[in-house]
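As a plain string of letters, each chain reads:
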Amino acid sequence: MSVLWVHDAMLSERWLRKGEPAVFVFDEAWIRDAGLSLKRLVFMAECLEAMPGVEVRRGEVVGEVLAFAAEHGAGVVRTVDAADPRLRRQREVLAESIEVERTRPPAFVDEAVPPADLRSFSRYWKKHGRAAKRPR
């Protein structure tokens, strides 16, 4: 059995599987250290509200995901790869304790390259916005 670890780079129903427990953890340390705005937190909460059946927790991500998996008797945690180094580190630490099944998201644009500065969407959009607007 598997559970789904939903993180802030995959706030969409597309990743949910019927009958599979799913969890999202508001990472308190990241929220504090990154100085996330209330507007961003509300956006994330609204996205989660639109995802039926996702349990929302707060705290230390890896510990909460492992606890959630144990509560559901799961031996596998599914998640989606993300360019964010924070999420990669959390996934790697998680994989030390439980099998992690990773899904690669579809490319936003064909020539997409993860931006060096993940805090600046505007630089990424200047580089890739025109290609993103073209039909694939």
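All values reported here derive from a predicted model rather than from experimental measurement. (Residues numbered from 1 in each chain as written. Predicted model: local features only at pLDDT ≥ 70, side-chain atom pairs only at ≥ 80, totals over all residues. Heavy atoms only, no water.)

Participant: With reference to specific residues and values, describe the overall build of the protein chain.
Facilitator: Assigned secondary structure in the protein chain consists of five helices and five strands. Along the protein chain, from the amino end to the carboxyl end, the secondary structure elements read β-β-α-α-β-α-β-α-β-α. Within the protein chain, buried positions represent 40% of all 136 residues. Considering only contacts in the protein chain between residues 6 or more positions apart, those separated by 24 or more positions represent 61%. (Helix = DSSP H or I, 4+ residues; strand = E, 2+ residues; numbered from the N terminus. Buried < 20%, exposed > 50% of the residue type's maximum accessible area, 1.4 Å probe, protein only. Contact = heavy atoms within 4.5 Å.)

Participant: How would you explain the sheet that holds strand E5 (residues 99–103) if you had to name every residue and give the values?
Facilitator: Across a sheet, paired strands are connected by hydrogen bonds in the backbone, their directions being either parallel or antiparallel. Taking strand neighbours across the sheet as the criterion, the five strands line up as E3-E2-E1-E4-E5 in an open arrangement whose pairing is parallel. What marks the edges here is a single partner per strand, and that holds for strand E3 (54–59) and E5. For this sheet, the mean inter-axis angle between neighbouring strands, taken without regard to orientation, is 30°. Pairing of strand E4 (residues 76–80) with E5 involves five bridges; the strand directions are parallel. Opposite Val-80, over in E5, you have Thr-103 as the bridge partner. Running at roughly 170° to strand E2 (residues 22–27), helix H2 (residues 38–49) makes contact with strand E1 (2–6), E2 and E3 of the sheet. (Pairing = 2+ DSSP bridges. Axes fitted to C-alpha atoms, helices over the stretch in contact; angles between N-to-C directions.)

Participant: Which residues make up the packing of aromatic side chains, and what are the values?
Facilitator: Counted according to the given criterion, the structure contains one aromatic pair. On the basis of an interplanar angle of 75° and a centroid distance of 4.9 Å, the ring pair of Phe-24 and Phe-26 is categorised as edge-to-face. Note on Phe-24: relative accessible area 2%, which makes it buried. The buried category is assigned to Phe-26, whose relative accessible area is 16%. (Phe/Tyr/Trp six-rings, centres within 6.5 Å; stacked < 30°, edge-to-face > 60°.)

Participant: Outline the nonpolar core, supporting the account with residue identities and numerical values.
Facilitator: Counting 17 residues, the largest nonpolar core has Val-6, Leu-11, Phe-24, Leu-48 and Val-54 as its most contacted members. Those elements that provide at least two residues to this core are E1, E2, helix H1 (28–34) and H2. Discounting residues that sit within four places of it in the chain, Leu-11 has contacts with Val-6, Phe-24, Met-44, Cys-47, Leu-48 and Met-51. Core analysis: the next-biggest nonpolar cluster, separate from the first, contains 16 residues, Val-3, Val-23, Val-65 and Leu-94 among them. (Core = buried A, V, L, I, M, F, W, Y, C linked by side-chain atoms within 4.5 Å.)

Participant: Tell me about the side chain of Gln-90, and please be specific about residues and values.
Facilitator: Relative to the helices and strands, Gln-90 resides in helix H4 (residues 85–95). The class of Gln-90 is buried, set by a relative accessible area of 11%. Excluding residues within four positions of it along the chain, Gln-90 makes contact with Trp-5, Asp-27, Val-61 and Val-62.

Participant: Lay out empty space enclosed by the protein with the relevant residues and their values.
Facilitator: Scanning all chains against the criterion turns up two cavities of 30 Å³ or more. Each pocket or cavity is described by its volume, and for the largest cavity that value is around 70 Å³. As for the largest cavity, its lining consists of 15 residues, of which Asp-8, Phe-24, Val-25, Asp-27 and Arg-86 are closest to the centre. Of all the elements, E2 adds the most residues to the lining of the largest cavity, at four residues. A per-class count over the lining of the largest cavity returns ten nonpolar, two polar and three charged. By volume, the second largest cavity amounts to about 30 Å³. (1 Å grid on protein atoms, 1.4 Å probe; cavity = no way out; pocket = protein on both sides within 12 Å on 5 of 7 lines; lining within 4 Å. Points joined across faces, edges and corners; volume = space filled by probe spheres on them. Nonpolar A, V, L, I, M, F, W, Y, C, P; charged D, E, K, R; others polar.)

Shape descriptors only; they carry no functional weight alone.
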